[in-house]
Amino acid sequence: MTNKTAPVAICTWGFTKANQAAGEALESGMAALDAAIKGVAVEEENIKNTTVGKGGAPDREGNVTLDACVMDSNGDCGAVVCVENITNVAALAKVVMEETPHVMLAGKGAEELAYKNGFQAEQLLTDSSEAAYREWLKTSEYKPIINIENHDTIGMLCMDQYGDIAGACTTSGLSYKMKGRVGDSPIIGSGLFVDNEIGGAAATGMGEEIMKTVGSFLIVELMRQGKTPQEACEEAVQRIISRNKNFKNFQVAYIALNIKGETGSYCIHPGFAMMQYKDGVNTRITSVAALDS
Ligand code: ASP
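Residues numbered from 1 in each chain as written. Predicted model: local features only at pLDDT ≥ 70, side-chain atom pairs only at ≥ 80, totals over all residues. Heavy atoms only, no water.

Draft legend 1. Up close: the overall build of the chain. Looking only at helices and strands, one finds eight helices and 13 strands in the chain. Taken against the 2.2 N^0.38 rule, which gives 19 Å for 293 residues, the C-alpha radius of gyration of the chain at 17 Å falls within 12% of a compact globule. The C-alpha extent of the chain, read off along each of the three principal axes, is 55 × 50 × 35 Å. Taken across its 293 residues, the chain has 57% of its residues classed as buried. (Helix = DSSP H or I, 4+ residues; strand = E, 2+ residues; numbered from the N terminus. Rg over C-alpha atoms; globule rule 2.2 N^0.38 Å. Buried < 20%, exposed > 50% of the residue type's maximum accessible area, 1.4 Å probe, protein only.)

Draft legend 2. Looking closely at helix α8 (residues 229-243). Taking 1.5 Å per residue, 15 residues should reach 21 Å; α8 reaches 22 Å between its end C-alpha atoms and fits that length. Restricting attention to buried positions, one finds in α8 the residues Pro229, Ala232, Cys233, Ala236, Val237, Ile240 and Ile241. Among the structural elements, α6 (207-212), α7 (215-224), β9 (252-258) and β10 (263-267) are those in contact with the buried residues of α8. (Expected span 1.5 Å × (residues − 1). Contact = heavy atoms within 4.5 Å.)

Draft legend 3. The pattern of salt bridges, seen in detail. Enumeration according to the criterion identifies 13 salt bridges in this entry. Note that Lys94 is salt-bridged to Asp34, the shortest N-O span being 2.8 Å. Of this pair, Lys94 sits in helix α3 (residues 89-99) while Asp34 sits in helix α2 (residues 32-44), and the two are 60 residues apart along the sequence. Residue classification places Lys94 among the buried positions, given a relative accessible area of 19%. The exposure class assigned to Asp34 is partly exposed, which follows from its relative accessible area of 31%. Across the pair Asp195 and Arg224 runs a salt bridge whose closest N-O atoms are separated by 2.8 Å. Pair noted here: Asp195 is in strand β7 (residues 192-195) and Arg224 is in helix α7, with a separation of 29 residues, a long-range link. Classification of Asp195 by relative accessible area gives buried; the value is 17%. Here the salt bridges do not stand alone but share partners, grouping Asp34, Lys94 and Glu98 into one network. (Salt bridge = Lys/Arg side-chain N within 4 Å of Asp/Glu carboxyl O.)

Draft legend 4. Structural view of the packing of aromatic side chains. In total, this model carries five aromatic pairs according to the counting rule given. Here Trp136 and Tyr176 contribute two aromatic rings whose centre-to-centre distance is 4.6 Å and whose plane-to-plane angle is 20 degrees, an arrangement assigned as stacked. In this pair, Trp136 sits in helix α5 (residues 127-137) while Tyr176 sits in the loop between β6 (165-171) and β7, placing the two residues 40 residues apart along the sequence. Across the pair, Tyr176 and Trp136 agree in class, each one buried. When the ring of Phe193 is compared with that of Phe217, the centres are 4.9 Å apart and the planes differ by 85 degrees; the resulting orientation is edge-to-face. Within this pair, whereas Phe193 is found in strand β7, its partner Phe217 is found in helix α7, the two being separated by 24 residues in sequence. The structure contains a cluster of three or more aromatic residues connected by ring pairs, namely Tyr133, Trp136 and Tyr176. (Phe/Tyr/Trp six-rings, centres within 6.5 Å; stacked < 30°, edge-to-face > 60°.)

Draft legend 5. Structural detail: the nonpolar core. With 89 residues, the main nonpolar core has Leu92, Met156, Cys158, Ile219 and Tyr254 as its most contacted residues. Top contributing element to this core by residue count: α3, with seven residues. Those residues in contact with Cys158, other than ones at most four positions away along the chain, are Val8, Ala9, Ala22, Leu26, Ala32, Ala35, Ala36, Asp164, Ile165, Ala166 and Leu257. (Core = buried A, V, L, I, M, F, W, Y, C linked by side-chain atoms within 4.5 Å.)

Draft legend 6. Broad picture of the environment of Asn249. The topology assignment puts Asn249 in the loop between α8 and β9. On the basis of relative accessibility, which here comes to 31%, the residue Asn249 falls in the partly exposed class. The sequence separation of Asn249 and Ile268 amounts to 19 residues, and the corresponding C-alpha distance is 9.6 Å.

Draft legend 7. Highlighting the sheet that holds strand β11 (residues 273-278). Read across the open sheet, the eight strands follow the order β4-β3-β2-β6-β5-β1-β11-β12; overall the sheet is mixed. Of all the strands in the sheet, the pair left with one neighbour each is β4 (104-106) and β12 (281-286). Pairs of neighbouring strands in the sheet enclose a mean axial angle of 10 degrees, with direction left out of account. Both strand β3 (residues 77-83) and β4 contribute to a ladder of three bridges, which runs parallel. Its bridge partner lying in β4, Ala79 is registered against Met104. On the sheet, helix α1 (residues 16-27) packs against β1 (8-12), β5 (154-159), β11 and β12 and is oriented at approximately 20 degrees with respect to β11. (Pairing = 2+ DSSP bridges. Axes fitted to C-alpha atoms, helices over the stretch in contact; angles between N-to-C directions.)

Draft legend 8. Layout of unusual backbone geometry. The backbone of Trp13 shows a phi angle near 60 degrees, a positive value even though the residue is not glycine. Relative to the helices and strands, Trp13 is located in the loop between β1 and α1. Unusually for a residue other than glycine, Val214 sits at a positive phi of about 45 degrees. Within the secondary structure, Val214 is located in the loop between α6 and α7.

Draft legend 9. Seen up close, the sheet that holds β9. Read from one edge of the open sheet, five strands run β7-β8-β9-β10-β13, paired in mixed fashion. The sheet is open, and its two edges are formed by β7 and β13 (288-289), each paired on a single side. Sheet topology note: the β9/β10 ladder contains five bridges and is antiparallel. Along β10, the bridge assignment pairs Tyr254 with Tyr266.

Given below as structure tokens:
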């Protein structure tokens, strides 16, 4: 049976094309997970986006390492962390989910699985991200306090024509991170969580803070308790603020979608927006921020 609120697609930041691609895929009958993977692939392949996929900023040793996860409406999920040379890591996370008995593969193991499944090796470090890295090397200043605007991780939630919800989250993580550092984005429950009876949530921002409160799972559980997506996002951000005196020095932003097709978003600092594709219209929604007033 088709669902009258569907299809709906939402994603972090103003990724108009990515969200449009997902929305159109859903309109054409594609299942929620495939539409989310198709949507986020737009940013994975966008070399101007320096925190997702090809063109992503490298770690402090100059290697681009990508993290991603996917979660399906039946509760299955897959993730890859610290993957080099592969652009479409959200699609690779789906391969982990479907073709292996595991949920998460790291580094070389994930890369080998990619080649076995027809993915091509690509140079992820572009000329401009290498130039920016060389500039950074002059001071090699590494501060975990990061530019509040400098987050472009794409987390996406899709509801298909049957009302089924799935999501994908993909990133190159923090610029010039320590070798081996993995943030929230590929961690099921932190960067992404979906429960088809309730809804889904996704995150962007300072991954360490999102992981400490298992942010996306928290939002879905708050919705289970009756909160709207908006109220749930607000409470999850407040949870971080109330436990961290340093909260003005980093950004965290959440988006959420429930089974009624209602959406919400909230963040610490002004400047975050989400895209929402609903009733055939793709809209940029500026998020209310905890520090707005
Ligand atoms: N959440 C990502 C991470 O910590 C970064 C971001 O959204 O910019 O890896």
